[in-house]
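Understanding the architecture of this molecule
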Amino acid sequence: MLKRSEVKSLISRFPRFEDNTLSMYYGPRMPKAMIKETEEVVALARKFKEEVVRPLYLDLDRKTHEDLDYIPEEVVKKANELGLYTMWIPKMFGGKGYNMPSLSFFNEEVGSVCLGFANLIGVHYLGMAAVMMLGNTRIMKKILGDVVAGEKTGNPCLISYAITEPTAGTDVEEVDLEARGRLVCHARKVDGGYILNGSKVFISNGHLSTWHTVYAYGDLKRGADTKVALMVRTGMKGFSFGRHENKMGQRACPASVLIFEDCFVPDELVVLNPDLLKSFTKQSPRDINMRHIDYVFSLSRAGVGSFGIGAARGAFEIALKYANETEIDGKPMVDYEWVQCRLAEMYANVRLGRLAYMESNLANQHRGAYNLLQMKPIYYYSKYLPEMYFKMFVTPLLNSRMANWLMSKWYLDWQKPEDQNLTTGLASMAKFSCTDFGVRNCQMALELMGRAGLRHDSGAEKVLRDAKLLQIYEGTNQLNRINLFKSLISPQASPRAAFFEE
Amino acid sequence: MLTALNKDLKPFEELITSFSKGELKPHVEEHDRFPFGTLDVNLIEDAFRKIFDLGFLGIMLPEKFSGIGQGISAMCMMLGHVAEVDASYSLIILTSSLSQQIILNAGAEEIAEKIYPSANGAREYLIAFPSFTDPGQATILPQASSGRNSYTITGKLDYLVLGNFSNWAVLPARTAGSKGYSFFLVNLNDQGVTKSDPIFSLGLHACPIVDIALDNVSAQIIGEEGQGQKYFEMTSRIMHVTTAAINAGIMRGSLKEAIEYTKEREQGGKAVINWSEVRMLLANMAIKSKAAELCVTQTCKAIDENLKDWGWISIASTLHVHDLACDVVTDGVQLLGGYGYMKDYGQEKRYRDARQVQALLGSVPLKKLALINEHVA
Ligand SMILES: Cc1cc2nc3c(=O)[nH]c(=O)nc-3n(C[C@H](O)[C@H](O)[C@H](O)COP(=O)(O)OP(=O)(O)OC[C@H]3O[C@@H](n4cnc5c(N)ncnc54)[C@H](O)[C@@H]3O)c2cc1C
């Protein structure tokens with residue numbers, strides 16, 4: 001009927017068919033073993049949430065209200081013992097090498113009981129993603145090696161991601177804004193390293209982390225073009241913690257102020273700066289800066305999406321339990337149509353949101369940051385090769401300049417702009433849709449439950465408090481809507497649109 | 001807005017706003033802290049003495065009981081202004097008014113006479129009430145048994161507002177002789193009353209709420225046996241709109257703080273308020289907030305003028321206001337970004353409080369069904 005060329009041309013029009021139906025194209029390409037592995041992760045998450053999280057989470061929340069300085073170190077120790085901080089570290093760095101997309105399902109499961117708990121684990125992988133997406137294999141090896149060692153010794157070694165500043169939140173997530181923003185973290189080049197001054201705010205797990213991935217700027221007035229990414233270790237001279245915030249929810253997971261006063265960071269902990277960029281790319285520092293941000297957020301926003309669905313599901317499950325156990329006018333609540341319809345809607349929100357974050361994961365797997373590890377041959381090699389092999393052959397390579405160059409090239413230079421757009425756009429979509437679903441389901445649960453839902457012991461009020469944060473961090477839902485327009489709509493369908501209103 | 005319709009309220013309004021700003025505002029954060037619901041008696045007494053002396057706590061109480069005999073408009077005006085600063089206090093005032101209304105609607109003048117004119121301080125004047133409960137919807141209520149000329153009550157009642165503060169409570173209980181429930185006046189200092197610790201709730205933390213258990217507690221019936229439902233409906237019918245007034249006040253506070261903050265905060269080299277999407281969110285908040293005020297004002301007017309449909313106008317507009325409020329307070333947090341999520345600002349408290357207010361006088365879906373039942377009846 002139609003010539004192949006015609007078909008091709010028609011399906012590449014906006015909305016480009018393949019980009020809009022990733023599950024159809026990429027589902028079949030998923031390594032079979034990855035599904036089994038993901039099942040294992042979900043089972044493990046379910047066991048963990050029932051055995052560890054559920055018995056503890058309400059008391060933990062209460063404790064953080066009673067004692068504003070409380071930091072849940074013992075919880076982190078427990079998670080460390082269970083191996084949760086190395087599960088998603090690739091094998092070549094000594095981790096257990098579970099596939100990254102499976103982390104989303106873990107987040108959702110644990111988040112459906114307690115988002116604070118889920119963040120205590122999830123944020124660490126945000127820190128890891130930020131290190132990895134900077135492409136420096138030597139530093140990855142060092143930092144992730146510390147995490148693995150921390151698991152063996154029983155001293156948890158977590159990574160935080162520290163980019164927000166007191167006067168720059170939205171600004172540090174988008175280079176056009178970063179270029180105009182009021183930045184405060186300054187990195188001055190000196191012999192052998194940088195001197196870091198300034199502060200970061202709202203850093204999740206700050207007080208609990210050993211390593212912090214920090215962005216600073218060579219020139220505060222030209223932040224977008226002079227970004228320096230460095231690793232700072234807790235205890236380094238000139239680095240201290242300020243207060244940890246008194247938040248509405250997710251109180252199990254502290255948000256900290258990090259303070260740098262003439263903190264010297266040696267060259268070997270500098271992950272990226274405009275000079276290093278020159279060694280592998282001709283693109284401008286600003287473009288690479290945006291690419292890196294997009295890359296990190298393509299992963300982390302899908303992750304926040306899964307937290308959002310955790311919240312949506314938590315609210316649904318609490319409401320369902322209530323409806324199952326309650327009567328109205330002598331009839332079980334679940335026998336009423338209006339109750340069934342509300343619960344159906346909440347359930348649908350959960351599933352629709354899950355599709356959104358899975359779609360974002362698929363984009364990352366096939367067109368973005370996970371593409372290397374998820375190629376079938378590489379996936380199977382790394383899954384089935386014995387650990388010894390990694391230790392003997394792969395790990396030593398990571399210190400080599402070649403490995404560094406290749407990784408940086410792969411992650412920061414070779415990626416196609418259309419793939420960057422697809423991954424960041426879908427991650428933004430998952431982020432704002434899922435978190436909006438989360439808050440909506442909490443609202444519905446509270447309405448359904450009346451005064452019963454207001455009580456702390458019901459769990460319903462807590463998930464409402466917890467869920468609100470999801471609409472704010474990893475880019476406010478406003479920024480994420482703008483980013484979706486910028487990356488999924490504008491390139492093909494609104495090419496003349498300008499961004500960030502000059 | 002209410003004062004625009006009713007000029008007589010102006011002097012009250014001035015008193016209430018200066019009271020809220022002067023007496024309540026400095027303590028908002030402190031009263032929101034854990035442990036919740038341990039009312040600082042001195043402060044309450046101090047703060048309340050002022051409005052108490054002015055007669056505001058008896059704003060809808062007839063003059064013969066030492067009230068000032070004002071109508072629903074004055075009540076809404078007061079609750080709204082207080083809620084703009086700290087809605088917990090609106091809950092305290094509302095709860096005491098709900099008890100008053102039950103007593104009045106039951107025609108139990110002897111009880112009003114006994115308590116109000118001679119009340120000495122807030123503990124005696126503010127009568128506890130399960131303000132979040134429509135007793136008709138409760139599956140279990142305490143059981144009252146009648147002796148020769150009095151009753152005793154046994155059983156559990158959850159979520160009693162002011163239960164650990166007040167000397168008296170107005171409580172629903174079932175009796176053997178009637179199908180419907182009845183209301184009783186109970187002395188909360190009676191030996192047979194056990195009170196839980198204050199309940200950790202979502203919002204309105206300054207106002208204590210407890211569960212109580214009663215064991216053979218003597219009680220005085222309010223009105224007639226079995227007529228509780230009738231008194232509650234008479235009360236809630238008129239009082240629904242007061243909960244809307246509280247949420248309208250919360251929305252005003254939220255909008256105000258969002259505007260102030262976004263004017264100050266800069267991102268991308270300009271005040272955040274100058275990003276067009278921020279303006280759009282603010283506009284949506286303003287529309288909802290204004291619409292809510294209109295709902296409250298017009299409902300009060302309908303009640304004052306005794307419009308034929310005022311009952312269901314009241315509940316319909318109230319439910320609508322609650323809906324709007326939950327949206328507004330969510331965006332109110334959003335516009336402050338990360339800071340909105342912190343207790344250093346007022347927005348996270350409003351986010352919690354508005355939902356708590358929404359659940360007053362019964363759950364939302366059941367209130368909706370009650371509305372349509374009234375309409376199609
Ligand atoms: C509990 C918590 C944990 C966090 N964890 C971390 C962490 O681990 N690491 C980290 O680096 N950061 C973290 N953050 C920071 C978080 O990412 C920022 O709060 C977020 O990016 C928003 O920035 P902001 O708070 O400065 O808000 P602002 O950027 O000041 O935004 C204020 C309001 O203005 C709007 N706005 C701003 N600019 C624009 C624009 N150009 N167009 C339209 N609207 C705009 C926003 O949408 C928002 O509604 C955390 C925050 C919280 C609250």
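Residues numbered from 1 in each chain as written. Chains lettered and ligands numbered in written order. Predicted model: local features only at pLDDT ≥ 70, side-chain atom pairs only at ≥ 80, totals over all residues. Heavy atoms only, no water.

Things to note about the overall build of chain B
Per the secondary structure count, chain B includes 13 helices and eight strands. A compact globule built from 377 residues should have a C-alpha radius of gyration of about 21 Å, and chain B, at 21 Å, falls within 12% of that. With respect to the three principal axes, the spread of C-alpha positions in chain B is 80 × 45 × 40 Å. The burial tally for chain B puts 61% of its 377 residues in the buried class. In chain B, of all internal contacts separated by at least 6 residues, the share reaching a separation of at least 24 is 75%. If you sum the accessible surface of chain B, you get close to 14,000 Å²; carbon and sulfur atoms cover 50% of it. (Helix = DSSP H or I, 4+ residues; strand = E, 2+ residues; numbered from the N terminus. Rg over C-alpha atoms; globule rule 2.2 N^0.38 Å. Buried < 20%, exposed > 50% of the residue type's maximum accessible area, 1.4 Å probe, protein only. Contact = heavy atoms within 4.5 Å. Areas by Shrake-Rupley, 256 points an atom, 1.4 Å probe, with all protein chains shown as cover.)

Some words on the pairing of strand β3 (residues 193–204) of chain A
Residues and elements named next belong to chain A. With respect to burial, β3 is a largely interior element, eleven of its twelve residues being buried. Relative to β3, strand β2 (residues 186–190) is paired through five bridges, and the arrangement is antiparallel. Looking at β3, one finds that Val190 is bridged to Gly193. Connecting β2 to the next strand, β3, in antiparallel fashion are two residues, including Gly192 with a positive phi near 80°. Here nine bridges tie β3 to strand β7 (residues 255–266), and the two strands are oriented antiparallel to one another. Looking across to β7, one finds that Tyr194 is bridged to Val265. (Pairing = 2+ DSSP bridges.)

Re the domain arrangement of chain A
Residue and element names in this part refer to chain A. Split by domain assignment, chain A resolves into domain 1 (32–157), domain 2 (160–278) and domain 3 (285–500). On a C-alpha basis, the centroid separation for the pair domain 2 and domain 3 is 25 Å. Summing the contributions of domain 2 and of domain 3, the shared interface buries around 2,000 Å²; its carbon and sulfur component is 59%. One salt bridge connects Arg301 with Glu173, and the closest N-O pair in it is separated by 3.2 Å. Counting residues per element, the side of domain 2 that touches domain 3 draws most heavily on helix α10 (residues 175–178), at four residues. (Domains from an automatic or database assignment. Buried area = accessible area lost by both parts, 1.4 Å probe. Salt bridge = Lys/Arg side-chain N within 4 Å of Asp/Glu carboxyl O.)

Description of the interface of chain A and chain B
With 50 residues of chain A in contact, the opposing surface of chain B contributes 47 residues. Surface buried jointly by chain A and chain B totals about 4,400 Å² across both partners, of which 59% is contributed by carbon and sulfur atoms. The largest contributions to the chain A side of the interface with chain B come from Met248, Arg451 and Leu454 of chain A, which together make up 17% of the buried area. One can count four salt bridges joining chain A with chain B.

What to know about the packing of helix α4 (residues 32–53) of chain A against helix α7 (residues 101–111) of chain A
Residues and elements named next belong to chain A. At their nearest, the axes of α4 and α7 sit 9 Å apart, and the two run at 25° to each other. Judged by the angle between their axes, α4 and α7 are roughly parallel. In this structure, α4 crosses over α7, and the sense of that crossing is right-handed. Facing α4, whose interface residues are Met34, Thr38, Val41, Val42, Leu44, Ala45, Arg46, Phe48, Lys49 and Val53, α7 presents Pro101, Ser102, Phe105, Phe106, Glu109 and Val110. Grouping the amino acids of the contact of α4 with α7 by side-chain chemistry returns eleven nonpolar, two polar and three charged. (Axes fitted to C-alpha atoms, helices over the stretch in contact; angles between N-to-C directions. Parallel < 35°, antiparallel > 145°, perpendicular 65-115°, else oblique. Left-handed = near helix turned anticlockwise from the far one by under 90°. Nonpolar A, V, L, I, M, F, W, Y, C, P; charged D, E, K, R; others polar.)

Quick notes on a nonpolar patch on the surface
All names here are of chain A. Side chains of Met388, Tyr389, Met392 and Phe393 sit close together on the surface and give an oily, nonpolar patch of about 420 Å² of accessible area. Tracing the backbone shows Phe393 in helix α15 (residues 387–397). By relative accessible area, Phe393 is classed as partly exposed at 48%. (Patch = residues over 30% accessible without salt bridge, like charges linked within 9 Å, V, L, I, M, F, W, Y side chains within 5 Å.)

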